[in-house]
Amino acid sequence: MKGETLRALEERDFLLRAEQVVSSLLRIGLQPLPLEEQLEQMLAEVLSVPWLGLEPRGAIFLVGDEAGTLELRVNRGLSHEIDRSCAKVPLGRCLCGQAALLGEVVFAPSVNEQHTVRYPGITPHGHYCVPILADRRALGVLCLYVDDGHRRDPAEERFLVAVADVMATVIRHQRTLALFEQAAVGVAQVETRSGRIVRVNERCCEILGRAREELVGQTVSELTGDLQLEGESLSRLRVGGSPELRFERQLRLGAEERWIRLTLSPLRLQGRSSSYLIAVVEDTSPQRRAERALRESEERFRSLFETMTEGVALHELIADEAGRPVDYRLLDVNDAFTLHTGIRRGDALGRRASEVYGGAPPYLERYAGVVSTGTPLHFEVYFEPMRRHFRISAFSPGPRLFATIFEDISDRKRMELALQEKNAALRAQNEELDAFSHTVAHDLKTPLSVVTGYANLLSSWVARLEARPRELAGACEAIERTGHRMARIIDELLLLAHARRATVPIEPIDMRAVVEASLRAVAHLVSARAAEVALPAAWPVALGHPPWVEQIWTNYIGNALTHGGTRPRLVLGATEEDGHARFWIQDDGEGLTPEQQATLFEPFSRIVPRTEGHGLGLSIVRRLAERMGGAVGVASDGPGRGSTFSFSLPLAKGAEHRPGS
């Protein structure tokens, strides 16, 4: 009896001392310290207990991020070799790995076959390896050293399990706080009975625009201004009346208005309700703005959709069991759809195209291609059932969907057809006119040659008469002069008709040879006017038709000689610009007014009225230059300051300049 009483006293004394140690560990766990510092202090506290048969060394392992592995997080009194060898221990390996895997205390009185991790210089010792468990899941292992040959003691083991349970509570608490603080949403812990906030994370402070000190102690109803969130409604959450309470409120933070969503739900610990609620606070302002923008965009789209003058229709492609497109359904149309097709909205929505239009669905293959490739399509077509022309654009706004924007272009097509018919008629008339002028010119040239020939013969007879009547000689000379003038007109008419119809070879031009030929053609004028002609040292090589270019130079040089000064001085030259060569001739004649320059290249326009000429020459020059891909021009600083006439031709690529004179 006395022995049993003694054992009871010893048991009570052991429990009191154990409770003291556990209380000390709990105080460490409540300190605002990082987890590893808390674990270091707890390990030191356990190793300092004098009534435990422990060596002054030990370690705490935690299950790491790497699956199935323990990581050495805290150690005391361990050598570098142990630190290195036990840095990571797979579950099931050595004593600590077995304790974590099995979820029970593993005891070894010595370094036996279970102690698989060995290192040089290992000394005899034993182990208590106690798993740190939460909901039967290993969070880590408490590894303690005992003397070699130490006997396993159930009381010691119960105490060490209690120590491991305290460590598990602290680890879970720290991890919960870490998740609490690192949450992407605002989180607050709320006391159910009073509705007061007891803890908030940083994100909650950011969303509500308040400091942590301002929020802690405030009630949820004070925060939101919602009097319904009083004790009674919050208590219903705690007793299971509602799984959660969610609402949105608009708060004013200075000049900013912010929408928040608050979700309240009971806080459960190990499956049981507690006296606290968890409040999740979310800033829904971006979502609200996005929804408002989407709503406004939809309203704008709907307004545009309904007011567009083009018809718009949204369709859904219909396929058979094999996935082949067989039809399409009209999902939405605008008012202009009815205007262009004559089909009412109510008769189109929800129906298949084969039903709406009758027969095969129009342009099914084209629209199926738009849906399958996502590539927009634009085409014009004549739709026989409606006897109308349409311009259609199709695109795919989503899977199995395509939209069409179309316009009735029947009136435009009728105008285009009328214009084509008119152009064809004008071309026919021009061809008839060209043929007529060519025929007339040829028919006039033969009898005119006879007239000028007989006039020349008559002039020679009159010259041989001893008594030559002056009137007869003048009449013969007038007939001959007028005949030659008519011949020039006919030649120019033929050239004008030829320039309009003919297709001539375009080739690099030897400009020196062409200019020399033109000068020979007007040599009698150069001599008669005692003119001076200056040529450049070299000519650029341009592309053109040599006979036509010679005609241009002959016309320009002839005009310069005719309208130049008393002893005309003509300067010929060329410049290059923008892939073209510009050839020019400058005279020292009377010059031209801006009004004269504006009409100079029009048919039947003369430089000086009441002078010889018929006004076709410069219009022919322009026609020839344009047919060769060039243009003509004239410049003059005004009356009495001379003129510069020019024409341009495309440059021959890669050709070098050729000598001028």
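Everything below is about the structure printed above this text.
Below you will find a few notes about this structure. A quick note: this is a predicted structure, and the numbers were derived from the prediction, not measured.

### Re the pattern of salt bridges
Then, number 1: Within this structure, the stated rule accounts for 29 salt bridges.
Then, number 2: A salt bridge links R258 to E256; the shortest N-O distance between them is 3.3 Å.
Then, number 3: Relative accessible area serves as the criterion here: at 13%, R258 is assigned to the buried category.
Then, number 4: Judged by relative accessible area, which is 35%, E256 ranks as partly exposed.
Then, number 5: Salt-bridge contacts for K413 lead to E416; the nearest nitrogen and oxygen are separated by 3.8 Å. Taken as a pair, K413 and E416 lie in helix α15 (residues 410–464) at a separation of three residues, close to a single helical turn.

### Here we look at the nonpolar core
Then, number 1: In terms of nonpolar packing, the biggest core is built from 38 residues, with I60, Y128 and L144 touching the most fellow members.
Then, number 2: Elements with a contribution of two residues or more to this core: α1 (2–30), α2 (35–47), β1 (54–63), β5 (126–134), β6 (137–146) and α5 (154–182).
Then, number 3: Excluding residues that lie within four positions of it along the chain, I60 makes contacts with L39, L43, E71, L72, R73, V74, I132, V141, L142 and M167.
Then, number 4: Counting 36 residues, the second largest nonpolar core, distinct from the first, contains I557, I585, F601 and A625.

### So, unusual backbone geometry
Then, number 1: A positive phi angle, near 55°, is found at D135, a position not held by glycine.
Then, number 2: Mapping D135 onto the fold places it in the loop between β5 and β6.
Then, number 3: D135 gets classed as exposed once you look at its relative accessible area, which sits at 57%.
Then, number 4: At R400, a position not held by glycine, the phi torsion is positive, near 65°.

### Structural notes on the environment of V161
Then, number 1: With respect to the element layout, V161 can be found in helix α5.
Then, number 2: Judged by relative accessible area, which is 31%, V161 ranks as partly exposed.
Then, number 3: V161 has contacts with V105 and V130, leaving out every residue within four places of it along the chain.

### Overview of the sheet that holds β6
Then, number 1: Read from one edge of the open sheet, six strands run β3-β2-β1-β6-β5-β4, paired in antiparallel fashion. Every interior strand has two partners, whereas the edge strands, β3 (88–90) and β4 (106–108), have only one. Across the sheet, the mean angle separating the axes of adjacent strands is 25° when strand polarity is ignored.
Then, number 2: Taken together, the nine bridges between β5 and β6 define a ladder with antiparallel strand orientation. Opposite V130, over in β6, you have L142 as the bridge partner.
Then, number 3: Against the sheet, α2 engages β1, β2 (69–76) and β6, with an angle of about 150° to β1.
Then, number 4: The strands that α5 touches are β1, β5 and β6; relative to β5, the one it contacts most, it runs at about 40°.

### Let's talk about the packing of aromatic side chains
Then, number 1: Scanning the model with the defined rule gives 19 aromatic pairs in all.
Then, number 2: Taking the centre distance of 5.9 Å and the plane angle of 70° together, the rings of W539 and W553 count as edge-to-face. With W539 in strand β19 (residues 538–539) and W553 in helix α19 (residues 546–563), this pair connects stretches of sequence that are 14 residues apart. Like W553, W539 is buried.
Then, number 3: Members of the aromatic cluster, joined through ring pairs, are Y328, Y357, Y363, Y367, F379, F383 and F402.
Then, number 4: Between the NZ or CZ atom of R288 and the centre of the ring of W259, over which it lies, the distance is 3.7 Å.
Then, number 5: Over the aromatic face of F379 sits the side chain of R366, whose NZ or CZ is 4.3 Å from the ring centroid.

### Some words on the pairing of strand β16 (residues 401–408)
The side chains of a regular strand alternate, first on one face of the sheet and then on the other.
Then, number 1: With six bridges connecting them, strand β12 (residues 311–319) and β16 associate as antiparallel partners. When the sheet's bridge partners are listed, G311 is paired in β16 with F406.
Then, number 2: In this sheet, β16 lies alongside strand β15 (residues 388–398) in antiparallel orientation, the contact comprising seven bridges. Of the residues in β16, the one forming a bridge with R391 is E407.
Then, number 3: Counting the residues that bridge the hairpin from β15 to β16 gives two residues, and of these R400 lies at a positive phi of roughly 65°.

Rules of the game
Residues numbered from 1 in each chain as written. Predicted model: local features only at pLDDT ≥ 70, side-chain atom pairs only at ≥ 80, totals over all residues. Heavy atoms only, no water. Salt bridge = Lys/Arg side-chain N within 4 Å of Asp/Glu carboxyl O. Buried < 20%, exposed > 50% of the residue type's maximum accessible area, 1.4 Å probe, protein only. Helix = DSSP H or I, 4+ residues; strand = E, 2+ residues; numbered from the N terminus. Core = buried A, V, L, I, M, F, W, Y, C linked by side-chain atoms within 4.5 Å. Contact = heavy atoms within 4.5 Å. Pairing = 2+ DSSP bridges. Axes fitted to C-alpha atoms, helices over the stretch in contact; angles between N-to-C directions. Phe/Tyr/Trp six-rings, centres within 6.5 Å; stacked < 30°, edge-to-face > 60°. Lys NZ or Arg CZ within 6 Å of the ring centre and 35° of its normal.

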